[in-house]
Amino acid sequence: MPLSLEASASRRTAVWCVALFSAFVAAGLAGRHRIHRRWLMVALLTAGLFEVLYGGKLWIERATTLWGAGIPGGEGRLRGTFVNSNHLALYLNLALAATFAWLWWSYRRSQRMLDWDRRVLVIAPPLIVWLTLFLGLAFTKSRAGLLSALLGTLVQALLVPTRTPLEPSSGPLGRLTYGKPRRKRLLVGGGLGLVGLAVVAAIGSQEAASRWQLPSLQGIESNRRLQVYSKTLGLWSQFPLTGTGLGSFRDGFPLVQPPGLVEEWHHAHNDWLELLATTGIIGTGLFLAGLGMLLRRLARVLADGRRTEDRAAALAALGAMAAVGVHSFFDFGLTMPATAFTLVVLLGSAAGARLRH
């Protein structure tokens, strides 16, 4: 048996993986300095807001072209510069995670200020950006994207450092001290966060929920996806150790494709299953081992970052990982170069943050 069913596809994918790793390392080096990390965040949020505003313009016009090229299907859905609205939803999830961390950092800064007007000026910008991105996500009508955003935000709310600031002392900025963790306050804060999410979701419910109200079409699509998932597991069972080869799903799936699925399937619509089918137990094990090391590093930065801003970077990265992990069960968004590149830069810049010890 060859190591890959399509050597050229595997070579291209391997080179792309090396490029992503290089971007991760470069972002890690840049992330050691907070000014560089700030510029990376500005770039991410600018891209996210551009996607919403540009996509909103096309949505209002009901455009069927993107920069002069025809785009198939998906009318009435926000797509930004992505052909697939679900892929835009995943990209917006990355910006949402970064904005949530910015919001938490701004809240911590505001607690040092005595004047309420100054507190509002500090908290308002990230809050407005977060609401804008979330509404844009709602108008993509992506069920996986909305679910990922909710769960990713919930994970971030649970991971927020539990030390609670007490009243600031006198002075222009005051002096920040900390009390013991309060479980009750955590529960109240989490509850308020969920209420806020519900309010935002209700604003865009007419658009976001419309795709949940097509039971016949949903049944057909769900049945097709389940068939693909089942056959992908069958494909893995034929090549359990090394899989069919990196990037070779398109070439390997016809080996198990049933007659009812007549289309050409480039991806399994489940990144986790596709990873297992194309890299086998060995490749998936290596990936999970690296993922575990990254999670451990981010957890250390979150708990022991030198500055609050460093801990906020880890919070953004962990929220992005949670959202992407959920979304990858239902789609193949990480095969989009822009999304994969943005994700590794976000993770690398957070992993490179300095520790106090």
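Each value, and the rule that gives it
- Residues numbered from 1 in each chain as written.
- Predicted model: local features only at pLDDT ≥ 70, side-chain atom pairs only at ≥ 80, totals over all residues.
- Heavy atoms only, no water.
- Axes fitted to C-alpha atoms, helices over the stretch in contact; angles between N-to-C directions.
- Helix = DSSP H or I, 4+ residues; strand = E, 2+ residues; numbered from the N terminus.
- Left-handed = near helix turned anticlockwise from the far one by under 90°.
- Contact = heavy atoms within 4.5 Å.
- Nonpolar A, V, L, I, M, F, W, Y, C, P; charged D, E, K, R; others polar.
- Buried < 20%, exposed > 50% of the residue type's maximum accessible area, 1.4 Å probe, protein only.
- Polar contact = N/O pair within 3.5 Å; in protein donor to acceptor, adjacent residues only side chain to side chain.
- Core = buried A, V, L, I, M, F, W, Y, C linked by side-chain atoms within 4.5 Å.
- 1 Å grid on protein atoms, 1.4 Å probe; cavity = no way out; pocket = protein on both sides within 12 Å on 5 of 7 lines; lining within 4 Å.
- Points joined across faces, edges and corners; volume = space filled by probe spheres on them.
- Phe/Tyr/Trp six-rings, centres within 6.5 Å; stacked < 30°, edge-to-face > 60°.
- Lys NZ or Arg CZ within 6 Å of the ring centre and 35° of its normal.
- Parallel < 35°, antiparallel > 145°, perpendicular 65-115°, else oblique.
- Patch = residues over 30% accessible without salt bridge, like charges linked within 9 Å, V, L, I, M, F, W, Y side chains within 5 Å.
- Areas by Shrake-Rupley, 256 points an atom, 1.4 Å probe, with all protein chains shown as cover.
- Salt bridge = Lys/Arg side-chain N within 4 Å of Asp/Glu carboxyl O.
- Expected span 1.5 Å × (residues − 1).

### Describing the packing of helix α1 (residues 7–30) against helix α12 (residues 337–351)
Where α1 contacts α12, the two axes come as close as 7 Å, and the packing angle between them is 35 degrees. Crossing of α1 over α12 shows right-handed handedness. Here α1 contributes Trp16, Leu20, Ala23, Phe24, Ala27 and Gly28 to the contact with α12, which in turn contributes Pro337, Ala340, Phe341, Val344, Val345, Leu347, Gly348, Ser349 and Ala351. In the contact of α1 with α12, the residues fall into 12 nonpolar, 3 polar and no charged.

### Observations concerning the side chain of Ser142
Summarising the element assignment, Ser142 is placed in the loop between α4 (116–139) and α5 (143–159). On the basis of relative accessible area, Ser142 is assigned to the buried category, the value being 3%. There is a polar contact of 3.0 Å between the side chain of Ser142 and the side chain of Asn86.

### Re the nonpolar core
Counting 48 residues, the largest nonpolar core has Leu96, Leu133, Leu298, Leu315 and Leu347 as its most contacted members. For this core, the secondary-structure elements that each account for two or more residues are α2 (34–61), α3 (85–110), α4, α5, α10 (271–304), α11 (308–327) and α12. Ranked by residue count, the leading element in this core is α3, at 14 residues. The residues contacting Leu298, other than those within four sequence positions of it, are Ala314, Ala317, Leu318, Met321, Leu347, Ala350 and Ala351. Listed in part, the 10 residues of the second largest apolar core include Leu235, Phe239, Phe249 and Trp265.

### A word on the environment of Phe239
With respect to the helices and strands, the residue Phe239 is situated in the loop between α8 (215–238) and α9 (249–252). C-alpha of Phe239 to C-alpha of Ala277: the two residues are 38 residues apart in sequence and 7.5 Å apart in space.

### Observations concerning the environment of Ala101
Here Ala101 is to be found in helix α3. Looking at Ala101, the relative accessible area reads 3%, which means it is buried. For the pair formed by Ala101 and Ala312, sequence separation is 211 residues and the distance between their alpha carbons is 5.1 Å. With residues up to four places along the chain from it excluded, the contact list for Ala101 reads Gln156, Ala312, Leu315 and Ala316.

### Overview of the layout of surface pockets
For the largest pocket, the calculated volume is near 1900 Å³. Along the wall of the largest pocket there are 49 residues; nearest its centre are Cys17, Leu20, Leu246, Leu275 and Phe287. Elements with a minimum of two residues in the lining of the largest pocket: α1, α9, α10, α11 and α12. For the lining of the largest pocket, the element with the highest residue contribution is α10, accounting for 14 residues. Grouping the amino acids of the lining of the largest pocket by side-chain chemistry returns 27 nonpolar, 16 polar and 6 charged.

### Quick word on the packing of aromatic side chains
Evaluated as defined, the whole model comprises 8 aromatic pairs. Ring geometry for Phe82 against Tyr91: centres 5.9 Å apart, planes inclined by 45 degrees, an arrangement best described as tilted. Given the relative accessible area of 9%, Phe82 is considered buried. Through successive ring pairs, a cluster of aromatic residues spans Phe50, Tyr54 and Trp67. In this structure, Arg62 packs its charged tip against the face of Trp59, placed 4.7 Å from the ring centre. When the ring centre of Trp105 is taken as reference, the NZ or CZ atom of Arg109 above it lies at 5.1 Å.

### What about the packing of α10 against α11?
Where α10 meets α11, the closest approach of the two axes is 10 Å, and the angle between their N-to-C directions is 155 degrees. Of the possible angle classes, the one that applies to α10 and α11 is roughly antiparallel. α10 and α11 meet at a crossing whose hand is left-handed. Within the contact between the two elements, α10 uses Trp272, Leu291, Leu294, Leu295, Leu298, Val301 and Leu302 and α11 uses Asp310, Arg311, Ala314, Leu315, Ala317, Leu318, Met321 and Gly325. Looking at the contact of α10 with α11, its residues break down into 12 nonpolar, 1 polar and 2 charged.

### Side note on a nonpolar patch on the surface
A surface patch of nonpolar side chains, about 530 Å² in accessible area, is lined by Leu147, Leu151, Leu154, Leu158, Phe329 and Phe330. In this fold, Leu151 is placed in helix α5.

### Regarding the pattern of salt bridges
One pass over the full model with this rule turns up 5 salt bridges. We note a salt bridge from Glu309 to Arg34, for which the minimum N-O separation is 3.7 Å. Note that Glu309 is positioned in helix α11 and Arg34 in helix α2, a separation of 275 residues in sequence. You can call Glu309 buried: its relative accessible area is 10%.

### Quick notes on empty space enclosed by the protein
Counting across every chain of the model gives 2 cavities of 30 Å³ or more. In this structure, the second largest cavity encloses a volume near 40 Å³. If you trace the second largest cavity, you find it lined by Asn93, Leu96, Ala97, Ser148, Ala149, Gly152, Thr153, Gln156, Gly319 and Ala323. Elements supplying a minimum of two residues to the lining of the second largest cavity: α3, α5 and α11.

### Some thoughts on α5
Across its 17 residues, α5 extends 24 Å between first and last C-alpha, which sits within 8% of the 24 Å expected from 1.5 Å per residue. Three or more residues of α5 are buried, namely Ala144, Gly145, Leu146, Ser148, Ala149, Gly152, Thr153 and Gln156. Structurally, the start of α5 carries an N-cap: the backbone nitrogen of Gly145 is 3.0 Å from a side-chain oxygen of Ser142.

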